[in-house]
Amino acid sequence: MASTINPSLSHELLERYGHSSPGCAFSLTERVGDQPFSDAQYREVLTQLLQRPDEGLAVYLHVPFCHVRCLYCACDTTVTHSQEKIDRYLDALEQEMALVTDLIGRGRRLDQLHVGGGTPNHLNEPQLARLVEILERHFQLVPGACTSIECHPRRASAGQLELLYGLGFRRISFGVQDLNADVQRAIGRVQSLNMVRDVFLTARETGFESINLDLVYGLPFQNQHGFQATLDQICELGPDRVACFSYAHDPATRPHQHAINPDHLPSAAEKVGLFHRAVRSFTDAGYRWVGLDVFVRESDELFDAQAQGRLYRNAIGYTPLPAKQVLAFGPSGVGEIAGALVQNEPDLRVWHQRLKGSQLPVAWGRRLSEADRRRREAILYLMCNLRLPASSASDLEEEYARLCSNAEHGLVEVSEEGIQVTPRGRYLLRGLCNEQDALADWGSSQWRFRVQN
Ligand code: SF4
């Protein structure tokens with residue numbers, strides 16, 4: 001039982017593996033590189049999809065707007081109250097989709113759609129309807145497709161949730177982060193338990209098939225006692241999934257995080273303790289721990305997929321779906337197409353300019369070499385299925401040996417079948433994966449397939 005695990009990790013191990021890379025819950029806005037990728041290069045990658053006309057696609061759509069900036073935020077977003085600005089974004093999004101579908105064919109089958117941000121439900125109702133209408137004009141969303149949207153509880157209303165359901169969304173995710181008032185004040189995001197509960201119950205009544213709640217650990221003023229209270233309240237609500245992300249304090253790249261006093265942040269050891277509480281609380285409440293930081297019901301498809309060793313993680317997140325081609329739209333969106341990773345221009349203004357000139361608004365990209373691909377597949381497999389078959393050793397000698405060396409710390413077990421992450425090692429799995437990733441020959445760039453929060 002996970003509830004009996006005491007991770008008791010040494011200072012040395014926490015120093016080596018306990019650091020989080022910056023990122024954002026469910027966001028795809030992590031910088032994945034700084035190798036420029038041109039419009040022509042992106043067109044070449046996209047046209048390869050023409051050779052696979054029947055392959056189902058996934059779409060990530062980034063809505064880069066919020067009504068206020070939370071201080072811990074690591075997403076690419078802009079605070080706006082201008083409807084006109086949002087309408088202009090929708091005009092440009094339509095143009096971006098037309099440019100892409102001119103190359104890959106209009107009406108391609110979509111197996112997965114995720115709308116993230118930012119705050120997608122910062123859009124008003126006609127704007128939300130238009131967003132879906134634009135999408136449906138360019139793609140065919142098949143019945144049973146996995147359709148999800150991220151929402152801010154404070155912006156959600158019964159009418160809006162009904163509209164989203166009517167537009168075809170069946171999965172919804174709300175950012176809760178922490179229910180403690182001191183923590184909420186320190187991160188500039190105040191939302192009471194009553195408000196979260198009301199929105200949650202309304203989403204249930206509306207009929208959403210899956211409701212996810214996001215939590216964040218490692219925030220200012222979080223302590224074991226206070227976080228336990230949040231965990232108990234979340235368990236009582238009974239969401240279908242919970243994602244429990246690690247906060248990465250990185251004011252150098254996210255200047256608004258300067259407003260968070262680092263002295264108020266829990267230490268690396270305290271963070272492991274907070275996450276351990278989450279593991280214990282959710283497993284005791286009947287959830288199963290999936291991948292790095294997600295908790296699901298036993299009936300959840302992700303649990304089955306992990307148990308059967310077929311859980312996958314694409315640019316959208318964990319998925320049991322085979323869809324590997326992810327097209328990203330909107331500023332900063334990360335896609336993964338025909339063996340290449342691409343990221344759109346994160347600056348809203350530049351994204352607009354590129355589209356105005358009928359250019360694809362891609363900023364960075366990398367065509368994965370055979371070695372990149374093997375390493376990436378191995379990291380993803382380890383992250384999703386907590387093991388690595390011995391057959392990987394021939395392709396990834398250095399990485400495999402390095403992972404094996406962690407057996408002496410009790411983080412992995414090595415057998416003839418391969419490497420198995422131990423319950424203790426799971427607490428540092430993100431660090432273990434990042435270390436292997438760092439071996440990649442990404443040239444002089446920062447480009448790496450980094451584990452997102
Ligand atoms: S709502 Fe989400 S995306 Fe917007 S500022 Fe807050 S954390 Fe960032």
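Everything numeric here is computed off the predicted structure, so don't read it as measured data. (Residues numbered from 1 in each chain as written. Predicted model: local features only at pLDDT ≥ 70, side-chain atom pairs only at ≥ 80, totals over all residues. Heavy atoms only, no water.)

Enquirer: Let's hear about the site of the ligand: which residues, and what values?
Expert: As a matter of local geometry, the ligand sits amid Cys66, Val68, Arg69, Cys70, Tyr72, Cys73, Cys75, Gly118, Thr119, His152 and Arg189. For the shell around the ligand, a count of residues per class yields six nonpolar, three polar and two charged. (Near = heavy atom within 4 Å. Nonpolar A, V, L, I, M, F, W, Y, C, P; charged D, E, K, R; others polar.)

Enquirer: So, the pairing of strand E4 (residues 108-117): which residues are in play, and what are the values?
Expert: With respect to burial, E4 is a largely interior element, nine of its 10 residues being buried. Where strand E1 (residues 57-63) meets E4, seven bridges bridge the pair, whose relative direction is parallel. When the sheet's bridge partners are listed, His62 is paired in E4 with Gly116. For E4 and strand E5 (residues 139-151), the ladder comprises seven bridges, and the chain directions are parallel. Of the residues in E5, the one forming a bridge with Gln112 is Cys146. (Buried < 20%, exposed > 50% of the residue type's maximum accessible area, 1.4 Å probe, protein only. Helix = DSSP H or I, 4+ residues; strand = E, 2+ residues; numbered from the N terminus. Pairing = 2+ DSSP bridges.)

Enquirer: Residue-level account of the packing of helix H5 (residues 158-166) against helix H7 (residues 193-206), with values.
Expert: Two elements in contact, H5 and H7, have axes separated by 10 Å at closest approach and are oriented at 40 degrees. Seen along the crossing, H5 lies across H7 with a hand that is right-handed. Judged by residue contacts, Ala158, Leu161, Glu162 and Tyr165 of H5 engage Val199, Thr202, Ala203 and Thr206 from H7. Of the residues assigned to the contact of H5 with H7, the class counts are five nonpolar, two polar and one charged. (Axes fitted to C-alpha atoms, helices over the stretch in contact; angles between N-to-C directions. Left-handed = near helix turned anticlockwise from the far one by under 90°. Contact = heavy atoms within 4.5 Å.)

Enquirer: Give a description of the sheet that holds strand E17 (residues 387-389) that names residues and reports values.
Expert: With antiparallel pairing, three strands are arranged side by side in an open sheet as E17-E19-E18. Pairing within the sheet leaves two strands with one partner each, and these edge strands are E17 and strand E18 (412-414). Neighbour-to-neighbour, the strand axes of the sheet open up by a mean angle of 15 degrees, direction not taken into account. Of the pairings in the sheet, the one linking E17 to strand E19 (residues 418-421) comprises three bridges and is antiparallel in character. Bridge pairing in E19 links Arg387 to Gln420. Together, E17 and E19 form the strand contacts of helix H12 (residues 370-385), whose direction differs from that of E17 by roughly 135 degrees. Packed onto the sheet, helix H14 (residues 397-404) meets E17, E18 and E19 and runs at close to 50 degrees relative to E19.

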